[in-house]
Amino acid sequence: VPLLDVTDQPYIAYRKGAIVLYNLRALIGEAAVTAALKRYHDRFADQQPPFATSRDLYAELKAASPDSLH
C-alpha cells in the first residue's frame, strides 16, 4: 500500500514521511518544498472541520513538482 493510503497502521508511516520529504527536497529543491508547505499552511491554518488531510498536503507538493515527476 502506498504511504499515502495507509490507514490505522501508524507503525507503517512512522518516520517514512521525513524520508519522503528529504528525497523530494533533493528532487525538486528546498525552495519548492518550502513554498508548497507554506501554501499548505496558509490554506489550512485556521480551518474548521473537516480538517486538512495528507491528500491536501500531497496536492500542494504535487503542484510544486514538475510534470516529469508525477
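Note that the structure is predicted; figures quoted are calculated from it, not measured. (Residues numbered from 1 in each chain as written. Predicted model: local features only at pLDDT ≥ 70, side-chain atom pairs only at ≥ 80, totals over all residues. Heavy atoms only, no water.)

**Some details on the overall build of the chain**
As a reminder, the rule being used: Strands here are runs of E lasting at least two residues and helices are runs of H or I lasting at least four, both read from the DSSP assignment and numbered beginning at the N terminus. Burial classes follow relative accessibility: with a 1.4 Å probe on protein chains only, a residue under 20% of its type's maximum area counts as buried, one over 50% as exposed, and anything between as partly exposed. Note on definitions: a residue-residue contact is assigned when non-hydrogen atoms from the two residues lie within 4.5 Å. Computed with a 1.4 Å probe, the accessible areas rest on the Shrake-Rupley method; for each residue, only the protein chains presented here act as cover. Charged-residue counts in this description rest on Lys and Arg as positive and Asp and Glu as negative, His and the chain ends being excluded. Lys charges are placed at NZ, Arg charges at CZ, Asp charges at CG and Glu charges at CD.
A count of helical and extended segments in the chain gives four helices and zero strands. Reading the secondary structure of the chain in the N-to-C direction produces α-α-α-α. Projected onto its principal axes, the C-alpha coordinates of the chain cover approximately 30 × 30 × 20 Å. In the chain, which comprises 70 residues, the share counted as buried stands at 14%. Of the contacts made within the chain by residues no fewer than 6 positions apart, 47% connect residues no fewer than 24 positions apart. For the chain, the accessible area works out to roughly 5,500 Å², and carbon and sulfur atoms hold 58% of it. Here the chain carries 8 positive and 8 negative side-chain charges, and the mean point of each set is 5 Å from the other.

**Thoughts on the packing of aromatic side chains**
Formally: In this analysis, rings of Phe, Tyr and Trp, with Trp reduced to its six-membered ring, are considered paired at centre separations within 6.5 Å, and the interplanar angle assigns stacked below 30 degrees, edge-to-face beyond 60, and tilted for intermediate values.
Applying the stated criterion across every chain yields a total of one aromatic pair. Their ring planes at 55 degrees and their centres at 5.3 Å tell us that Tyr 40 and Phe 44 sit as a pair that is tilted. With a gap of four residues between them, Tyr 40 and Phe 44 both fall in helix H3 (residues 30–44), about one helical turn apart. Take Tyr 40: its relative accessible area is 22%, and that puts it in the partly exposed class. You can call Phe 44 buried: its relative accessible area is 14%.

**Re the packing of H3 against helix H4 (residues 54–63)**
Let me state the cut-off plainly: What counts as an axis is a line fitted to C-alpha atoms, over the stretch in contact for a helix, and the angles between N-to-C directions run from 0 to 180 degrees. Angles below 35 degrees are treated as roughly parallel, those above 145 as roughly antiparallel, those between 65 and 115 as roughly perpendicular, and all remaining angles as oblique. The sense of a crossing depends on the near helix, which, turned anticlockwise from the far helix by less than a right angle, makes the crossing left-handed and, turned clockwise, makes it right-handed. Three residue categories are used. Nonpolar comprises Ala, Val, Leu, Ile, Met, Phe, Trp, Tyr, Cys and Pro, charged comprises Asp, Glu, Lys and Arg, and polar comprises the others, including Gly.
Remark: H3 packs on H4, axes separated minimally by 8 Å, with the N-to-C direction vectors making an angle of 135 degrees. The angle between the axes of H3 and H4 places the two elements in the oblique class. When you trace H3 past H4, the crossing you get is right-handed. Contacts between H3 and H4 pair Ala 36, Leu 37, Arg 39, Tyr 40, Arg 43 and Phe 44 from the former with Asp 56, Leu 57, Glu 60 and Leu 61 from the latter. Considering only residue class, the contact of H3 with H4 consists of six nonpolar, no polar and four charged.

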